[in-house]
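Inside the fold
Chain residues, written in single-letter form:
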Amino acid sequence: MSTLETEIQNRVSNSPTISATARPVAKRKHLERWVATIALLLICIGFALPFVWMLSTSLKTLDKTMEVPPHFWPSPMVPGNYWKVINHPKLDFPLLARNTLIIAVLSVLGTVISSSLVAYGFAKVRFKGSGVLFVMMLATMMIPFPVMMVSLFSIFRWLGDHTPVQFLGTLRPLWLPTWFGSAFNIFLLRQFFMTIPDELSEAALMDGCSEWGIFQRIILPLSKPALSVVALFTFMGAWNDFLGPLVYIQHPQQYTLALGLQTFQSQHGGTEWNLLMAASVLVILPVIILFFLAQKTFIQGIATTGLKG
Amino acid sequence: MTRTEWKQIGKGLAFCSPWLIGFMVFTLIPVVLSLYYSVCDYSLLQPPAYIGGANYHELLDDPIFRKSLTNTLLYAIIALPAGLMVSLGLALLLNVKVAGQTFYRTVIFLPSLVPTVASAMLWMWLFNAKLGLINTVLDWLPFRLLIAGINAILGLVHLPQIETPIGWLTNPAWALPALAFMSFWGVGHTVVIYLAGLQDVPSELLESAEIDGAGMTRRLWHVTLPMLSPVIFFNLIMAIIGTLQVFAIPYIMTGGGPARATYFFTMYLYDNAFRYLKMGYASAMAWIQLLIILALTAIAFWSSRKWVYYQGK
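Keep in mind the model is a prediction, meaning the values are calculated, not measured.

Rules and cut-offs
- Residues numbered from 1 in each chain as written.
- Chains lettered and ligands numbered in written order.
- Predicted model: local features only at pLDDT ≥ 70, side-chain atom pairs only at ≥ 80, totals over all residues.
- Helix = DSSP H or I, 4+ residues; strand = E, 2+ residues; numbered from the N terminus.
- Buried ≥ 20, exposed ≤ 12 C-beta atoms within 10 Å, placed from the backbone.
- Rg over C-alpha atoms; globule rule 2.2 N^0.38 Å.
- Contact = placed C-beta atoms within 7 Å.
- Axes fitted to C-alpha atoms, helices over the stretch in contact; angles between N-to-C directions.
- Parallel < 35°, antiparallel > 145°, perpendicular 65-115°, else oblique.
- Nonpolar A, V, L, I, M, F, W, Y, C, P; charged D, E, K, R; others polar.
- Domains from an automatic or database assignment.
- Expected span 1.5 Å × (residues − 1).
- Bend = angle between axes of the 7 residues up to and from the residue.
- Core = buried A, V, L, I, M, F, W, Y, C linked by C-beta atoms within 7 Å.
- pLDDT = per-residue confidence, 0-100.
- Left-handed = near helix turned anticlockwise from the far one by under 90°.

**Details of the overall build of chain A**
When helices and strands are tallied, chain A shows 16 helices and zero strands. Relative to its full complement of 309 residues, chain A shows a buried share of 38%.

Shown next as structure tokens:
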């Protein structure tokens, strides 16, 4: 907008006929900006307040959370709540974190490897029928999870009964499907691979490089930004997932953070709010850290999914 | 077909094989099975037994099914358009060049990253009738006066009064609106998509409209919104699919209560499948859900011809 403004200024100084309309425009711009700033400040206070309140509660003693009206500043401040949560016998935090991390890491690996392979097939290998397959794949994105939830459950049960590998009662149903590509990520990567000029792979083909070699040595290294978007979203998805663990996980030994936190809350009737808030902060923290480490990837990823979809 | 064509097909299928297998095992078979289960009596303990359309028939007379469906549609009607408008409004505000723009964008985006369970915990605490922050704020004098004013108007037209402190999650009248209100906290994701779309609105158009004397509202209505309509359409489709499946937040925060006021479609489906072990009944519900989503999406697509403007490229 600053270029626009200088342009307006130029026109104002150059032509006396336009100045009559341009000056109020500049003034209006100024007012617009002030109104926006005040609105944004108020809205941001509203958006940030829940976070602040969560932190404040997580540092209070139990009595202080029961005060009416509540005090904003926790006094005495008890950072020990966090330690208490981590060591709480009813909320085996290290175990929950370990389970969640196992699922998240295996899902990220599976999704990145399988989805990039399939995306390469759709983007760079010209073969009859690829168009039909691709449309079919896009169509599967519309199917809501509940439609498949019941039958997936019985499929995993059947597989457990008829193969030596157990599925229900393990973490496998939560990460194994990710090793077979996910439609959304294949789509995302395929769109990115399409932007890589074919001349590159053709030249490599001339030099005797195999299709696999092109994928591995040319396409993958050039696609790091897209691959990190996929990795990031998959990690977030696994970290956030609630319905999946709720359906497939049966023993507390396999609980994820999401499931463990919910169970802890429902068993305690939601009375120890300071501990609950401390636990929530601990669940949120990795995600927030990840955001600040990979801010660009996040924003670009969301932006492209919205615009290319 | 020539040999090279066959070779290409082989190569292509080889690269696509992970998805092909996954599609068969984790999508196609489950979908077909679920269609089959929906016409079966299936309790998981015994093999499914064919009963024809009995599940669908039973659903028609099931008052809880009807309640869960109306709740879901009601929630969608409240949360969906408001959510789209709130996020669009925020995106427009965040697009105005002001000092500290990045900071504001970050603050509004961050809540959308909060894991579902954590935001459910947090909002249960905020909504707590006696100790919660929201009722504490509403107890301040200006808000007390505001509520008194609203009550006076409500009294004039003989509507029930607002009783304070408001039992956000314990009063059947408030629970559903409370959940819808809470959903606005997580609109950051949609805001980012709108913001990206706003960058593509050609500034020449806005500038020339401005020089021609078009004010802020007219520029918004005649330039920005038409140019943004494909993005609005995308967000609308995403919101339809997401909102109709709402599950985790109400499951954790209210368990469907009070008095089933927040008992949504997917929750009843889940309960049928894994609590009452009525897998066939649940599958029939899932198919109805799929059909509703498809129908609404189709309507959205059909209407899009009238209001979505695709820039000729």
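That was the structure; now back to the text.
**Brief notes about the overall build of chain B**
Counting its regular elements, chain B contains 14 helices and two strands. Its C-alpha atoms give chain B a radius of gyration of 25 Å, more than 25% over the compact-globule value 20 Å for 313 residues. The principal-axis extents of the C-alpha atoms in chain B amount to approximately 70 × 55 × 35 Å. For chain B, the proportion of its 313 residues judged to be buried stands at 38%. By sequence separation, contacts in chain B at least 24 residues apart represent 68% of the contacts at least 6 residues apart.

**Some remarks on unusual backbone geometry**
With an omega dihedral of 0 degrees, the bond running from S75 of chain A to P76 of chain A counts as a cis peptide bond. Assignment of secondary structure puts P76 of chain A in the loop between helix 3 (62-65) and helix 4 (80-86). The residue after G257 of chain B, namely P258 of chain B, is reached through a cis peptide bond having omega -10 degrees. Mapped onto the fold, P258 of chain B is located in the loop between helix 12 (248-253) and helix 13 (265-275). Positive phi values are uncommon outside glycine, yet H158 of chain B reaches one of about 60 degrees. Mapped onto the elements, H158 of chain B comes out in the loop between helix 7 (141-156) and helix 8 (172-183). Using a count of 6 C-beta atoms within 10 Å as the deciding quantity, one classes H158 of chain B as exposed. Phi at L277 of chain B is positive, roughly 55 degrees, even though this residue is not glycine. Along the polypeptide, L277 of chain B turns up in the loop between helix 13 and helix 14 (279-307). We classify L277 of chain B as partly exposed; it has 15 C-beta atoms within 10 Å.

**Structural notes on the packing of helix 9 (residues 183-194) of chain A against helix 12 (residues 224-240) of chain A**
Residue and element names in this part refer to chain A. As a packed pair, helix 9 and helix 12 sit with axes 10 Å apart at the nearest point and diverge in direction by 170 degrees. One finds that helix 9 runs roughly antiparallel with respect to helix 12. The segment helix 9 lies against helix 12, with N185, L188, L189 and F192 engaging A226, V229 and V230. Partitioning the contact of helix 9 with helix 12 into residue classes produces six nonpolar, one polar and no charged.

**Side note on the domain arrangement of chain A**
If you check the domain split of chain A, you get domain 1 (2-58) and domain 2 (84-308). The interface of domain 1 of chain A with domain 2 of chain A comprises four residues on the first partner and six residues on the second.

**Observations concerning the interface of chain B and chain A**
Interfaces are often described in size by the accessible area the parts lose on coming together. Of the residues lining the interface, 75 residues belong to chain B; the matching set on chain A comes to 78 residues. When residues of the side of chain B that touches chain A are assigned to their parent elements, the largest contribution, 20 residues, is made by helix 1 (residues 3-37) of chain B.

**Notes on the environment of T70 of chain B**
The topology assignment puts T70 of chain B in helix 3 (residues 63-95). A sequence separation of 190 residues divides T70 of chain B from R260 of chain B, and the C-alpha atoms of the two residues are 11 Å apart.

**Quick look at helix 15 (residues 273-293) of chain A**
All names here are of chain A. For helix 15, which comprises 21 residues, the first-to-last C-alpha distance of 30 Å matches the rise-based estimate of 30 Å (1.5 Å per residue) to within 8%. In helix 15, a bend of some 30 degrees at I284 exceeds every other bend along the element, and P286, a proline, comes one to four places later. Along helix 15, the residues classified as buried are W273, N274, L275, L276, M277, A278, A279, S280, V281, V283 and I284.

**A few points about the nonpolar core**
If you look at the biggest cluster of nonpolar residues, it comprises 151 residues, and the most contacted ones within it are I186 and A279 of chain A together with V117, M121 and V191 of chain B. Looking at which domains feed residues into this core, each of domain 1 (2-58) and domain 2 (84-308) of chain A gives three or more. In this view, V117 of chain B contacts F242, A258, L261, Q262 and V283 of chain A together with I252 of chain B; residues no more than four positions away in its chain are not counted.

**Let's talk about the confidence of the model for chain A**
All names here are of chain A. When pLDDT is averaged along chain A, the result is 86, and 90% of the positions lie at 70 or above. Element-level pLDDT for chain A is lowest in helix 1 (residues 2-14), with a mean of 46, against a maximum mean of 95 in helix 5 (residues 93-124). Counted against residues more than four places away or in other chains, residues 1-5, with its pLDDT under 50, gives three contacts. Counting contacts from residues 7-20, a segment whose pLDDT is below 50, to residues more than four positions away or on other chains yields nine contacts.

**Here we look at helix 13 of chain B**
Summarising burial for helix 13 of chain B: eight of the 11 residues are buried, a large majority. Of the residues making up helix 13 of chain B, those classed as buried are F265, T266, M267, Y268, L269, Y270, N272 and A273 of chain B. Buried residues in helix 13 of chain B make contact with helix 7 (145-162) of chain A together with helix 3, helix 12 and helix 14 of chain B. The first or second residue beyond helix 13 of chain B is L277 of chain B, which carries a positive phi of 55 degrees.

**Considering the packing of helix 10 (residues 198-206) of chain A against helix 11 (residues 211-222) of chain A**
Residues and elements named next belong to chain A. At a minimum axis separation of 10 Å, helix 10 and helix 11 run at an interaxial angle of 130 degrees. Classified by the angle their axes make, helix 10 and helix 11 are oblique. Relative to helix 11, helix 10 is oriented so that their crossing is right-handed. Residue-level contacts link L200, S201, A204 and L205 of helix 10 to G213, I214 and I218 of helix 11. Its residues placed into classes, the contact of helix 10 with helix 11 shows five nonpolar, two polar and no charged.

**Notes on the environment of V201 of chain B**
Residue and element names in this part refer to chain B. On the secondary structure map, V201 appears in the loop between helix 9 (188-199) and helix 10 (203-211). V201 sits 48 residues away from I153 along the chain, and the two C-alpha atoms are 44 Å apart. Contact partners of V201, with chain neighbours within four places excluded, come to L206, V223, T224, M227 and L228.

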